[in-house]
Amino acid sequence: MSAKLELIAAACHNRGIGFKGNLPWRLKSELEFFTRMTTNTKDAGKKNAVIMGRKTWESIPANHKPLQGRLNVVLTRQKDFDLGDKGVVCNSLEEAVSLVTSPPYNDQIERHWVIGGSAIYEAALNSTSCHRVYLTDILADFECDTFFPEMDETKFERVEDPDVPEGIQEEKGICFKYNVFQHK
Ligand SMILES: NC(=O)c1ccc[n+]([C@@H]2O[C@H](COP(=O)([O-])OP(=O)(O)OC[C@H]3O[C@@H](n4cnc5c(N)ncnc54)[C@H](OP(=O)(O)O)[C@@H]3O)[C@@H](O)[C@H]2O)c1
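Residues numbered from 1 in each chain as written. Predicted model: local features only at pLDDT ≥ 70, side-chain atom pairs only at ≥ 80, totals over all residues. Heavy atoms only, no water.

Caption draft 1: Spotlight on the overall build of the protein. Looking only at helices and strands, the protein features four helices and 11 strands. Over its C-alpha trace the protein gives a radius of gyration of 16 Å, about what one expects of a compact globule, namely 16 Å for 184 residues. In terms of its C-alpha atoms, the protein occupies a principal-axis envelope of roughly 45 × 35 × 30 Å. Counting across all 184 residues of the protein, residues that qualify as buried make up 48%. In the structure as shown, the protein presents an accessible area of about 10100 Å², 48% of it carried by carbon and sulfur atoms. (Helix = DSSP H or I, 4+ residues; strand = E, 2+ residues; numbered from the N terminus. Rg over C-alpha atoms; globule rule 2.2 N^0.38 Å. Buried < 20%, exposed > 50% of the residue type's maximum accessible area, 1.4 Å probe, protein only. Areas by Shrake-Rupley, 256 points an atom, 1.4 Å probe, with all protein chains shown as cover.)

Caption draft 2: Just helix H1 (residues 28-39), in detail. With 12 residues, H1 extends 16 Å from end C-alpha to end C-alpha; this agrees with the ideal 16 Å at 1.5 Å per step. Along H1, the positions that sit buried rather than exposed are Glu30, Phe33, Phe34, Met37 and Thr38. Buried residues in H1, looked at end-on, bunch into an arc of 115°, giving them a common side. (Expected span 1.5 Å × (residues − 1). Arc of directions from axis to C-beta.)

Caption draft 3: Up close: the environment of Phe176. Its location among the elements puts Phe176 in strand E11 (residues 174-183). On the accessibility criterion, Phe176 (0% relative accessible area) is buried. Sequence separation between Phe176 and Val164 is 12 residues, and the spatial gap between their C-alpha atoms is 13 Å. When residues no more than four places from it in sequence are discounted, the contact partners of Phe176 are Leu27, Ser29, Glu30, Thr136, Asp137, Ile138, Leu139, Gly167, Ile168, Gln169, Glu170 and Glu171. (Contact = heavy atoms within 4.5 Å.)

Caption draft 4: Inspection of the pairing of strand E3 (residues 47-53) at higher detail. Counted residue by residue, E3 has six buried out of seven residues, so it is predominantly covered. Bridge analysis of E3 against strand E6 (residues 109-114) gives four bridges, and the strand direction is parallel. Within E6, the position partnered with Val50 by the bridge is Trp113. Where E3 lies against strand E4 (residues 70-75), six bridges are found, and the strand directions are parallel. Each bridged residue has a counterpart across the sheet, and for Met52 the counterpart in E4 is Val74. Once you follow E3 into helix H2 (residues 54-59) and on to E4, the crossover reads as right-handed. (Pairing = 2+ DSSP bridges. Right-handed = clockwise from strand over helix to strand, strands pointing away.)

Caption draft 5: Summary view of the packing of aromatic side chains. Across all of its chains, the model carries five aromatic pairs by this definition. Geometrically, the ring pair formed by Tyr121 and Phe148 is tilted, given 4.9 Å between the ring centres and 50° between the ring planes. Highlighted residues: Tyr121 in helix H4 (residues 118-125) and Phe148 in the loop between strand E8 (146-147) and strand E9 (156-158), separated in sequence by 27 residues. What links up through ring pairs into an aromatic cluster is the set Phe33, Phe176 and Tyr178. (Phe/Tyr/Trp six-rings, centres within 6.5 Å; stacked < 30°, edge-to-face > 60°.)

Caption draft 6: Up close: the site of the ligand. Lining the immediate surroundings of the ligand are 27 residues, of which Ala10, Arg54, Thr56, Thr76 and Gln78 lie closest. For the ligand, an oxygen atom lies 2.6 Å from a polar atom in the side chain of Thr76. In this structure, a nitrogen atom belonging to the ligand sits 3.3 Å away from a main-chain N or O atom of Asn91. For the ligand, the accessible surface in isolation is 930 Å², of which the surrounding protein chains cover 86%. Elements with a minimum of two residues in the shell around the ligand: strand E1 (5-11), strand E2 (16-18), H2 and H4. Considering every element that reaches the shell around the ligand, the biggest residue donor is H4, with four residues. (Near = heavy atom within 4 Å. Polar contact = N/O pair within 3.5 Å; in protein donor to acceptor, adjacent residues only side chain to side chain.)

Caption draft 7: Main features of helix H3 (residues 93-100). Residues of H3 that are buried include every one of Leu93, Ala96, Val97 and Val100, and no others. Taken down its axis, H3 places every buried residue within 100° of arc, on the same side. Looking at the buried side of H3, the elements it contacts are E1, E3, E4, strand E5 (88-90), E6 and H4.

Written out as structure tokens, the structure is:
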């Protein structure tokens, strides 16, 4: 079985995704969208994997770690990084793809979500396993120090997903729009 990597990210006007180790904004409905998309499965006997960089793992508040109902896969180059029973550690994206597509996980995992940050998104965009990008455009300016990588839009086409709300969303006066791109 091969992995179909699905990236999910929210980026503001300058493609910013993070500031000082956290999200630059607080949008409850966008976070709920992230949780719903990365958690729900068609097969009730399976769960999804969420693949993330070590800093994104550290940005998750302690009381929300691991991300519930999902296999948490954390990428680090540190050889002694230990998550205990909270998740699994991999030293590269290739290793993570290999892990989730091999026994015992291949029969347990339905979708393979890549949830950031920058270098992990970039590796996933350049991977032959890259399938879809769920990118929320936050239609506002925020100060950011972490950015979504350049995406070669000629390699992707916009698709519809019935699970994704259409049109401009708004919360606390901030407008945003969900987009779905599929690798051609
Ligand atoms: N808006 C969004 O959708 C979104 C999504 C996710 C995160 N964020 C934000 O982005 C920021 C965190 O992202 P970030 O880009 O700074 O860090 P990150 O990608 O989460 O973590 C970087 C770390 O991941 C490990 N790593 C990176 N590439 C690797 C590879 N190819 N193989 C193995 N390990 C690898 C390294 O860990 P070691 O140093 O341990 O080796 C590296 O220091 C936070 O502000 C967070 O809130 C936003």
